[in-house]
Amino acid sequence: SSDLVRNLLDMGTELLPIDGAGAKSLLVAEGKISAYIGPSVRPHDIAAVEVIVKEAGGTVTGMDGKPLNYKTGFRGAILSNGVVHDELLHMVRAA
């Protein structure tokens, strides 16, 4: 949402215009960016990179903070370095 983007920019966050959930998720795993918020990602977008981000020490949840459920499906995910995850969840819920 635009409120979330505005809040992140107000905090001095750099937003990257990169296309593709996989590419953004791999940047999180590599430690090049702190997080990726993908409000419209689907299971097929991030199934493989979820494992990579977690193995790199990151955190991956749905937009609600719960683990992703590939059996029932989901829409949206937050992938982070783990350090900023709770703060991002709070901001997403407030937006």
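See the structure shown above.
Novice: Sorry if this is basic, but what is going on with helix α2 (residues 21–30) here?
Specialist: Every α-helical turn comprises 3.6 residues, leaving residues that sit three or four positions apart pointing alike. Listed as buried for α2 are Ala21, Lys24, Ser25, Leu27 and Val28. Relative to the axis of α2, the buried residues are bounded by an arc of 155 degrees and lie together on one face. Backbone geometry just downstream of α2 places Gly31 in the positive-phi region, at approximately 80 degrees.

Novice: Just to check I follow, could you spell out the pairing of strand β3 (residues 77–80) for this structure?
Specialist: Residue alternation in β3 divides its side chains into two sets, Ala77 and Leu79 and Ile78 and Ser80, and both sets are buried. Sheet analysis places strand β1 (residues 35–38) next to β3, joined by 4 bridges and oriented antiparallel. Along β3, the bridge assignment pairs Ala35 with Ser80. One ladder, built from 3 bridges, connects strand β2 (residues 59–61) with β3; its direction is antiparallel. Residue Val60 lies in a different strand from β3, and its bridge partner there is Leu79.

Thresholds, definitions, all that
- Residues numbered from 1 in each chain as written.
- Predicted model: local features only at pLDDT ≥ 70, side-chain atom pairs only at ≥ 80, totals over all residues.
- Heavy atoms only, no water.
- Buried < 20%, exposed > 50% of the residue type's maximum accessible area, 1.4 Å probe, protein only.
- Helix = DSSP H or I, 4+ residues; strand = E, 2+ residues; numbered from the N terminus.
- Arc of directions from axis to C-beta.
- Pairing = 2+ DSSP bridges.

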